[in-house]
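Inside the fold
Here is how the chains run, residue by residue.
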Amino acid sequence: MRVGVRARTGTIRDGGELVLEVGRNGVSFAWRLRHRDYEEGRTFTDEQVKGPFRRWVHVHRFEDDGADGTRIVDEIDWDVTAGRAVRGLAVPVVERELSRVFAFRKRRLSDDLRGHAVWMHRPPLSVAISGAGGLIGSALSDLLTTGGHRVRPLVRSREAASRIPGALYWSPAHGEIDLDGLRGVDAVVHLAGEPIVRLPRWTPAKKRSILESRVRGTELISGALAGLRDAGPTILVSSSGVGYYGDRGDEVLDEETDSGRGFLAEVTGKWESATRRASSVGLRVVIQRQGPALCPAGGMLGRLMTPFSVGMGGRVGSGKQYVSWIDLDDATGAILHALMDDRVEGAINVCAPEPVTNAEFADVLGRVLGRPTLVPLPVPVVRAGLGEMGREVLLFGQRVHPARLLEAGYRFRFERLEDSLRHQLGR
């Protein structure tokens, strides 16, 4: 499920409250919780004020493990709002879901702590992030915050910039950005851009918006950093995509491979070129050629969950086209590595070292979900229904190798697709 903070008053220290928005597949509900029983460095409790449960009391405890470390303990006292018959069905479902959630949280927390430990010798950074509310941006914000870094989201509303702690205003459409605010920032991570996949198909206006949103925003940030030089951020991590390589069959593609053909190859080429002003004045610029980040809360995997969960999934076209996927936790981990490792510069492929074909992806996802994958999506249907967008997004393939990430010593959390899917789906 996707969880976001809708409203917040106070903190865990003073009995504050927050309203979470929790949802899946377009259906969401509000969950209001109150903090209480705070003890510095030891414990606090979240109690439901209004929400889906009859009772929910979640105690967070932090204990000395006797070995110079900390044991984190969660205790939840809960009950559902239902009659006896419904309760008998609901309780096992909730218990199963909670077990999956906390197994996921334990793995992610352990991995995050190990990842941060690598950089304990480096001082924390102040990082401005465009697209901080997106799938990768929100996960990156959480990762950086847990490591002691300060996150400063770039927002397109002056009102929001004044209301959100640490936020900075920018407007690519008007060529405006808070230069004074950037002076106190160490690095910028640029993730914002018009979504590539927007049904039913690409129109000329949509294609223009995809291109301009990426080039205009990147040029604005790059130019601002170039103008500030040593008085502002010295690192720019700018997103791109594996679509840079076009449709390349089973050719192994590393960062030295030339750009391919197609609309997305054209977009990513111009997108990457828009960072030149920053690199020309000596700033360290990292261009992330990103593969699809796997998380059921959104992106490619989020779109596949509905058909595959009901046994209506399968390969697309021949199924031979390669999918250069990456687990969401590795997508954010790679950005952290790029921020902290001064050796990382230029284009890097951000994808797992074991890409799979589309047919293999469908088979593995079906196996993890325990569902058949016997419903293929034929090429004529893709072309007729989705046009150029369907051809490039679904039928084009890239077999991408993350050579520079591996050379820089990044250790992937998930190299195999099945391991990633079982983590992300709690299976």
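Conventions we followed
Residues numbered from 1 in each chain as written. Predicted model: local features only at pLDDT ≥ 70, side-chain atom pairs only at ≥ 80, totals over all residues. Heavy atoms only, no water. Axes fitted to C-alpha atoms, helices over the stretch in contact; angles between N-to-C directions. Helix = DSSP H or I, 4+ residues; strand = E, 2+ residues; numbered from the N terminus. Left-handed = near helix turned anticlockwise from the far one by under 90°. Contact = heavy atoms within 4.5 Å. Nonpolar A, V, L, I, M, F, W, Y, C, P; charged D, E, K, R; others polar. Pairing = 2+ DSSP bridges. Salt bridge = Lys/Arg side-chain N within 4 Å of Asp/Glu carboxyl O. Buried < 20%, exposed > 50% of the residue type's maximum accessible area, 1.4 Å probe, protein only.

Describing the packing of helix H8 (residues 299-309) against helix H10 (residues 358-369)
Across the interface, H8 lies against H10 with an axial gap of 11 Å and an inter-helix angle of 65 degrees. Here H8 and H10 pass one another in a crossing that is right-handed. Of the residues in H10, those touching H8 at Met 300, Leu 301, Leu 304, Met 305, Phe 308 and Ser 309 are Phe 361, Ala 362, Leu 365, Gly 366 and Leu 369. Taken together, the residues of the contact of H8 with H10 sort by class into 9 nonpolar, 2 polar and no charged.

Considerations on the sheet that holds strand S1 (residues 2-9)
What the 6 strands build is an open sheet, ordered S1-S2-S3-S4-S5-S6; its pairing is antiparallel. Of all the strands in the sheet, just S1 and strand S6 (70-80) have a single pairing partner and so form its edges. In this sheet, neighbouring strand axes are inclined to one another by 25 degrees on average, regardless of whether the strands run parallel or antiparallel. Across 11 bridges, strand S5 (residues 53-64) lies against S6 in antiparallel orientation.

Some points on the pattern of salt bridges
For the structure shown, the criterion picks out 34 salt bridges. The residue Glu 63 makes a salt bridge to Arg 61 at a minimum N-O spacing of 2.5 Å. For Glu 63, a relative accessible area of 25% gives the class partly exposed. The exposure class assigned to Arg 61 is partly exposed, which follows from its relative accessible area of 24%. Taking the shortest distance from any N to any O, the salt bridge between Glu 97 and Arg 100 comes out at 2.7 Å.

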